[in-house]
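As a plain string of letters, each chain reads:
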Amino acid sequence: MTSGITYEGKRLETEREVKKVRDELKRKEAAGEPYNVRALSKALAAVPLAFDPGTHWHYGLSHDVLGALIEVLSGKTFGQFLKDEIFDPLGMEDTFFRIPEHKKDRLCSLYNRADDGTLTKNTSLDAHFQPDALFESGGGGLLSTLSDYSKFARVLACGGEWNGVRLLSPHTVRLMATNHLGPQQLADFDWPFLAGYGYGLGVRVMIDPATGGSNSSIGEFGWCGMAGTWVLIDPKEQLSAVYMQQMLPNFEAYHQPRLRAAIYGAL
């Protein structure tokens, strides 16, 4: 997230240009052209960066570009690479980008929450998970279950190996869960509910519990999802926790610090 690539938006010129790129790709998709992570990465190459790489932190499409890089290096689609290298070895049978026909009845509904608490079903993202969808995002979009994702979290909490399966070296996990941000980048990483955290390789990393008002360990790491999903991983305690919900707005600033406090308070 220090590449200078952003998501679409209105505040920065890069964000506005990224929106134009994605709108054009969606238009072409509707006309029958493939819209996948490689097509997105090629199109993003024409968008000026928001800043010189490494000078700032800005949440964006960097992980999608990494997904395209994995496709080039592995010779596989991103989803197939994840299946071969992570999901199958861990027995994650319910994790994929597209929902199989025989499992559609198990797909959770997404809800919009009104100010009065009323929930309304939201189907705007359903098309992304259908058998004919081609876009496999490096930054989000996998379907999974509490059971499956807990296996993945457990591997990271145990230093890259669990239940006889090693995915990563413990040194790699430590590098992943080390803060990589300097002073300016930390100033950019200013989401209030993540106070006390730095940012590692794709994950928040606890570096200052006092600032965050946190009772968790230094080095605790993880991330969260748009609809409220959340994972906490603590190699020091060999602890992992997965929370899943499907609601917009997700109230992450409310429930995530409270979940963390309750979990560590119970140890």
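Keep in mind it's a predicted model, so treat the numbers as computed, not measured. (Residues numbered from 1 in each chain as written. Predicted model: local features only at pLDDT ≥ 70, side-chain atom pairs only at ≥ 80, totals over all residues. Heavy atoms only, no water.)

### Here we look at the sheet that holds strand β7 (residues 221–224)
- On the basis of which strands lie adjacent, the open sheet formed by 5 strands has the order β5-β6-β7-β8-β9 and antiparallel pairing. Single-partner strands in this sheet number two, and they are β5 (197–199) and β9 (239–243). Geometrically, the sheet is characterised by an average inter-axis angle of 20° between neighbouring strands, direction not taken into account.
- Summarising the sheet, strand β8 (residues 230–234) and β9 pair through 5 bridges and their orientation is antiparallel. Paired with D234 across the strands is L239, a residue of β9.
- Strands β7, β8 and β9 of the sheet are contacted by helix α5 (residues 146–157), whose axis makes an angle of about 155° with β9.
- Contacts from helix α9 (residues 252–265) reach β5, β6 (204–206), β7, β8 and β9, with the element oriented near 35° to β8. (Pairing = 2+ DSSP bridges. Helix = DSSP H or I, 4+ residues; strand = E, 2+ residues; numbered from the N terminus. Axes fitted to C-alpha atoms, helices over the stretch in contact; angles between N-to-C directions. Contact = heavy atoms within 4.5 Å.)

### Section: the side chain of D94
- Inspection of the secondary structure puts D94 in the loop between α4 (78–90) and β1 (110–113).
- The class of D94 is buried, set by a relative accessible area of 18%.
- Among the polar contacts listed, one links the side chain of D94 to the side chain of R106, at a separation of 3.1 Å.
- When sequence neighbours within four positions are dropped, the list of residues in contact with D94 reads K103, R106, L143, S144, T145 and D148. (Buried < 20%, exposed > 50% of the residue type's maximum accessible area, 1.4 Å probe, protein only. Polar contact = N/O pair within 3.5 Å; in protein donor to acceptor, adjacent residues only side chain to side chain.)

### A look at the packing of helix α2 (residues 37–44) against helix α3 (residues 62–74)
- Closest axis-to-axis distance for the α2/α3 pair is 9 Å, and the angle between their directions is 120°. Relative to α3, the crossing made by α2 is left-handed. Contact with α2, carried on its side by V37, R38, L40, S41 and L44, involves D64, V65, G67, A68, E71 and V72 of α3 and no other residues of that element. (Left-handed = near helix turned anticlockwise from the far one by under 90°.)

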